[in-house]
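The residues making up each chain are set out below.
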Amino acid sequence: MDPDPIDPLEVDFYPLLDDFPTSVPDISTPMLPPVGVQAVALTHDAVRVIWADNSVPKNQKTTEVRFYTVRWRTSYSTSAKYKSADTTALSHTVIGLKPNTMYEFSVMVTKGRRSSTWSMTAHATTYEAAPTSAPKDLTVITREGKPRAVIVSWQPPLEANGKITGKHLHYPVFSVYLLF
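### Overview of the pattern of salt bridges
- What the rule picks out here adds up to 2 salt bridges.
- Between Arg66 and Asp53 there is a salt bridge, with its nearest N and O atoms 3.4 Å apart. Here Asp53 lies in the loop between β2 (46–52) and β3 (67–74) and Arg66 lies in the loop between β2 and β3, a separation of 13 residues in the sequence. In this structure, Arg66 and Asp53 share a single accessibility class: buried.
- Between Glu104 and Arg73 there is a salt bridge, with its nearest N and O atoms 3.0 Å apart. Highlighted residues: Glu104 in strand β6 (residues 102–111) and Arg73 in strand β3, separated in sequence by 31 residues. Arg73 matches Glu104 in its accessibility class, with the two residues each being buried.

### Comments concerning the sheet that holds strand β1 (residues 35–41)
- Strands sit in the order β1-β2-β5 across an open sheet of 3 strands; the sheet is antiparallel. Of all strands in the sheet, those bounded by a partner on one side alone are β1 and β5 (91–95). When the angles between neighbouring strand axes are averaged without regard to direction, this sheet yields 15°.

### Regarding the packing of aromatic side chains
- A full pass over the atoms with the stated rule returns 2 aromatic pairs.
- An angle of 55° between the planes, with centres 5.6 Å apart, marks the rings of Trp51 and Tyr68 as tilted. Pair noted here: Trp51 is in strand β2 and Tyr68 is in strand β3, with a separation of 17 residues, a long-range link. Exposure class is identical for Trp51 and Tyr68. Each is buried.
- Relative to Phe105, the ring of Tyr103 has its centre 6.3 Å away and its plane inclined at 40°; by these criteria the two rings are tilted.

Rules behind the numbers
- Residues numbered from 1 in each chain as written.
- Predicted model: local features only at pLDDT ≥ 70, side-chain atom pairs only at ≥ 80, totals over all residues.
- Heavy atoms only, no water.
- Salt bridge = Lys/Arg side-chain N within 4 Å of Asp/Glu carboxyl O.
- Helix = DSSP H or I, 4+ residues; strand = E, 2+ residues; numbered from the N terminus.
- Buried < 20%, exposed > 50% of the residue type's maximum accessible area, 1.4 Å probe, protein only.
- Pairing = 2+ DSSP bridges.
- Axes fitted to C-alpha atoms, helices over the stretch in contact; angles between N-to-C directions.
- Phe/Tyr/Trp six-rings, centres within 6.5 Å; stacked < 30°, edge-to-face > 60°.

The quantities given are spatial measurements derived from coordinates; they are silent on function.
This is the structure in structure tokens:
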């Protein structure tokens with residue numbers, strides 16, 4: 001019998017040793033987490049988070065691509081779900097937060113397939129804001145025996161957005177002229 005007319009092709013590959021790195025990165029050890037995490041409220045709905053990365057020498061630019069993940073949630077609830085955002089900078093401004101609310105923030109660095117643990121937590125409370133709705137159930141009652149005096153009462157707004165420290169009551173002043 002004749003052998004199959006198609007011979008298998010054998011290829012030998014001999015790489016040049018100079019083309020390969022001399023050390024393979026160890027992906028079993030985690031990276032160091034960012035340090036010095038600070039959170040500063042900017043407005044009633046924004047907080048700026050800043051940090052340092054000690055794995056990059058100071059005053060040295062790195063060509064390695066590093067991603068930082070910033071996560072946050074309200075501080076008063078341990079069951080609140082985290083929200084997160086990615087950046088390549090050493091700071092990030094989180095927007096769309098609730099007024100007069102304390103948040104906790106932490107940061108993680110990722111390079112390739114390696115990630116750090118989460119950093120220490122930083123806290124910030126957003127500024128207060130004006131209420132988002134008017135008071136509810138406004139009632140006006142005239143005082144007995146005093147026709148020019150009234151008692152005004154109401155329920156506070158659903159979202160006060162901080163401590164209500166004052167109220168402005170506006171009423172129209174009008175006169176009636178009778179002509180004879």
